[in-house]
Amino acid sequence: MENADNKNIIGLALGSGAAFGMAHIGVLAVLEKEKIPIGIVSGASIGALIAAMWGIGLSSKEIENISGKLKRKLSIMRLMDFTFPISGILAGRRLKRFLRAILGDSTFDDLKIPVKIIVYDLANRETVVVDSGRLLDAVYKSIAVPGIFQPVMEEGKMFVDGGIMDPVPVDVLFKNGAAKVIAVNVLPGPKNICERNAALKEIEKEEENVIKQGSLDEKIGIHLTRFFRKVFTPNIFDVIMTSMQAMEYSIAEINCRRANVSLHPVLSDAASTDFHLVKKFVKIGEEEAIRYIDKIRELIRK
């Protein structure tokens, strides 16, 4: 039942999407600038990490600076510790060290703002809301993409990426006192995929021009690029992430319809592994939040 204390609480749902989730940072920057009073945050997958970082008091600029450490693709590779592929191809130990460097041993009790982290229990086929214990543990469970990272086994449960069934966790905010919700879906939709495919075709045309008119070094560079592209595309990461995101997008759109304001900041010409494009993702997040700022402001006045 709603009471006087929670009738004006605004919740913020940050969705899954791997590198696309960097757009959440731009949304946070606008909310900070506009002094929008967010009373509770939920997050799934990459959204869980950013929600936890914001929840412990890091500003959007500080989160962007931390994310900037992954500005090179080589930095991403350093987080990959391949293991014998029984339940996942990555052990996740390096990722946990990276998360510890950010979150330390902070717990949910240390949060400046309540955060609800979504994980999925494969063993029992149910979505689980984590809001106690160490943030590091909760975030890791929520970003443990099945097939890529080994799942977390605990007392008959098998925890994996929270975005599987709740990619933009809106309902958990309403259930925990939010009267109004801003939802952020960073997953690319059909329109974004068409735009990206068109951009790739333009790149191929430019490469053909270089092959016809460029120098010998440029021609060799293009041929090498195409060779490695053919060998490594699609790779197992692309297949798993693209498959999951295609499914999650539909669920995310349904979830967002229940929100008061729904944002969809997507960098169409990027891929889910392009963590090095932090500034571009942040910019698209800012632009989307500014586009809807009047509707966001209305949430305070109502």
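The structure under discussion appears in the preceding block.
Below or above, wherever it landed, is the structure these notes cover. This one's a predicted model, so the numbers in the text were calculated from it and none came from an experiment.

### Describing empty space enclosed by the protein
Within this structure, the stated rule accounts for two cavities of 30 Å³ or more. Here the second largest cavity is characterised by a volume of approximately 40 Å³. Ser 16, Gly 17, Ala 18, Ser 45, Asp 161, Met 241, Met 244, Gln 245 and Glu 248 are the residues that line the second largest cavity. For the lining of the second largest cavity, the per-class residue count stands at three nonpolar, four polar and two charged.

### Overview of the nonpolar core
Core analysis: the biggest nonpolar cluster contains 78 residues, and Leu 12, Ile 38, Val 41, Leu 103 and Ile 182 have the highest contact counts within it. Considering each element in turn, this core owes the most residues, eight residues, to helix α2 (residues 46–55). Once residues within four sequence positions are removed from consideration, Leu 103 is found in contact with Leu 49, Ala 52, Met 53, Ile 56, Leu 135, Leu 136 and Val 139. Within the second largest apolar cluster, 16 residues are counted, among which are Val 170, Val 172, Val 181 and Ala 259.

### As for the layout of surface pockets
Empty space among the atoms becomes visible once a probe the size of a water molecule is rolled across them. Quantified by volume, the second largest pocket comes out at close to 160 Å³. Lining the second largest pocket are Ile 118, Thr 127, Val 129, Asp 166, Val 168, Val 170, Asp 171, Val 172, Lys 175, Asn 176, Asn 255 and Arg 258. Of the residues forming the lining of the second largest pocket, the biggest block, three residues, is contributed by helix α7 (residues 171–175). Of the residues assigned to the lining of the second largest pocket, the class counts are five nonpolar, three polar and four charged.

### A word on the pairing of strand β8 (residues 157–160)
As defined by bridge partners, strand β4 (residues 115–121) adjoins β8 across two bridges and the pair is classed as antiparallel. Across the sheet, the residue bridging to Tyr 120 is Val 160, located in β8. Sheet topology places strand β7 (residues 152–154) next to β8; three bridges connect them, and they run antiparallel. The partner of Val 152 across the bridge, within β8, is Phe 159.

Rules behind the numbers
Residues numbered from 1 in each chain as written. Predicted model: local features only at pLDDT ≥ 70, side-chain atom pairs only at ≥ 80, totals over all residues. Heavy atoms only, no water. 1 Å grid on protein atoms, 1.4 Å probe; cavity = no way out; pocket = protein on both sides within 12 Å on 5 of 7 lines; lining within 4 Å. Points joined across faces, edges and corners; volume = space filled by probe spheres on them. Nonpolar A, V, L, I, M, F, W, Y, C, P; charged D, E, K, R; others polar. Core = buried A, V, L, I, M, F, W, Y, C linked by side-chain atoms within 4.5 Å. Buried < 20%, exposed > 50% of the residue type's maximum accessible area, 1.4 Å probe, protein only. Helix = DSSP H or I, 4+ residues; strand = E, 2+ residues; numbered from the N terminus. Contact = heavy atoms within 4.5 Å. Pairing = 2+ DSSP bridges.

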